[in-house]
Amino acid sequence: MALEIVRIPALSDNYIWLVHDPDSAETMVVDPAQAEPVLAEADKRGWAITAIWNTHWHPDHTGGNAGIKAATGAEVIAPAGEAERIPTADKLVGEGDAVMLGHHAARVMEVPAHTAGHVAYHFAEDGAAFVGDTLFAMGCGRLFEGTAAQMFANMQRLAKLPPETRVYCAHEYTQSNGRYALAAEPDNAAIVRRMAEVDAARARGEATVPTTIAAELATNPFMRAQSAEILAERRAAKDAFRG
Ligand code: ZN
Ligand code: FE
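All figures in this text were calculated on a predicted structure; none of them were measured in a lab.

(A) The coordination of the iron ion (ligand 2), seen in detail. At 2.0 to 2.3 Å from the iron ion (ligand 2) lie its protein donor atoms, namely Asp60 (OD), His61 (NE2), Asp133 (OD) and His171 (NE2). Considering all 4 donor atoms around the iron ion (ligand 2), the spread of angles at the metal, 86 to 167°, places the coordination shape in the irregular class. Donor residues for the iron ion (ligand 2), ordered by position in the chain, follow D-H-x71-D-x37-H. Taking relative accessible area as the criterion, Asp133 reaches 3% and is therefore assigned buried.

(B) Layout of the packing of helix H5 (residues 174–184) against helix H6 (residues 189–203). The contact between H5 and H6 brings their axes to 10 Å, and the two run at 155°. With respect to H6, the element H5 is oriented roughly antiparallel. H6 is crossed by H5, and the crossing has left-handed handedness. Every residue of H6 that contacts H5 at Thr174, Gln175, Gly178, Arg179, Ala181 and Leu182 is listed here: Ile191, Val192, Met195, Val198, Asp199 and Arg202. Split by residue class, the contact of H5 with H6 holds 6 nonpolar, 3 polar and 3 charged.

(C) Expanded view of the packing of aromatic side chains. Using the criterion set out here, one finds 9 aromatic pairs in the structure. Consider the rings of Phe130 and Tyr168, whose centres lie 4.8 Å apart with planes at 20°: the pair is stacked. Placement of the pair is Phe130 in strand E10 (residues 128–132) and Tyr168 in strand E13 (residues 166–169), with a sequence separation of 38 residues. One exposure class covers both Phe130 and Tyr168, and it is buried. Where Tyr180 meets Phe241, the ring centres are 5.4 Å apart and the plane angle is 75°; that geometry is what we call edge-to-face. Of this pair, Tyr180 sits in helix H5 while Phe241 sits in the segment after helix H8 (228–240); the two residues are 61 residues apart in sequence, bridging distant segments of the chain. Put simply, the rings of Tyr15, Trp17, Trp53, Tyr121, Phe123, Phe130 and Tyr168 pair up and form one aromatic cluster. The cationic tip of Arg7 hangs over the ring face of Tyr15; the distance from NZ or CZ to the ring centre is 5.7 Å. When the ring centre of Trp47 is taken as reference, the NZ or CZ atom of Arg45 above it lies at 5.3 Å.

Conventions adopted
- Residues numbered from 1 in each chain as written.
- Chains lettered and ligands numbered in written order.
- Predicted model: local features only at pLDDT ≥ 70, side-chain atom pairs only at ≥ 80, totals over all residues.
- Heavy atoms only, no water.
- Donors = N, O, S within 2.8 Å, 3.2 Å for Na, K, Ca; no water.
- Tetrahedral: all angles 85-135°; square planar, octahedral: opposite > 155°, others 65-115°.
- Buried < 20%, exposed > 50% of the residue type's maximum accessible area, 1.4 Å probe, protein only.
- Axes fitted to C-alpha atoms, helices over the stretch in contact; angles between N-to-C directions.
- Helix = DSSP H or I, 4+ residues; strand = E, 2+ residues; numbered from the N terminus.
- Parallel < 35°, antiparallel > 145°, perpendicular 65-115°, else oblique.
- Left-handed = near helix turned anticlockwise from the far one by under 90°.
- Contact = heavy atoms within 4.5 Å.
- Nonpolar A, V, L, I, M, F, W, Y, C, P; charged D, E, K, R; others polar.
- Phe/Tyr/Trp six-rings, centres within 6.5 Å; stacked < 30°, edge-to-face > 60°.
- Lys NZ or Arg CZ within 6 Å of the ring centre and 35° of its normal.

Here it is, written out as structure tokens:
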């Protein structure tokens, strides 16, 4: 049976993803910023959390690790490159490793740049990718511990996933990303159309993620950057952008 994926809003703009496999009854949570809302949601659904999967060490992605682990005994899976910064980790993973939720396999992709050891988890058969703070709807993560060349390589890799792949980002940044995307590519009609939808959704208080690789290929100025230099320029412009 298909994975059930639930979005849990946390802090000011984080999304925590709760992922349940009905066949095995295993449930994992991606990047728990906090423990309480995750435990409450799992409880409400009668799901027992068996694992935590972290994409990177930032506290708004790992802050709930200890609390969830204490409450459920969940195993914490974390990027090998960030072992020292994720002391709750039980199992470390790197490029090409398979991580299982029941019989659903996710492949680990190392996507350094936002942080040095950042990973994404790609469920190829399920058509879903958990990308943390690497790829956002119409945006990409800030370059805190890596280079524009690395982020360019990440965007190029993610762009090659099947276009229908659903992309589960860790923040609701779409509206501000879209304002910059319009400034970067004013003649891109797909961005204009998408922003009208995003503005309407946000006005109704709705979330705008997950997105898809197809939507990002059409509207994301970082995935669409044709060189590391262009991505670098766009990242610097977005950092300074007040739209
Ligand atoms: Zn982060
Ligand atoms: Fe974050």
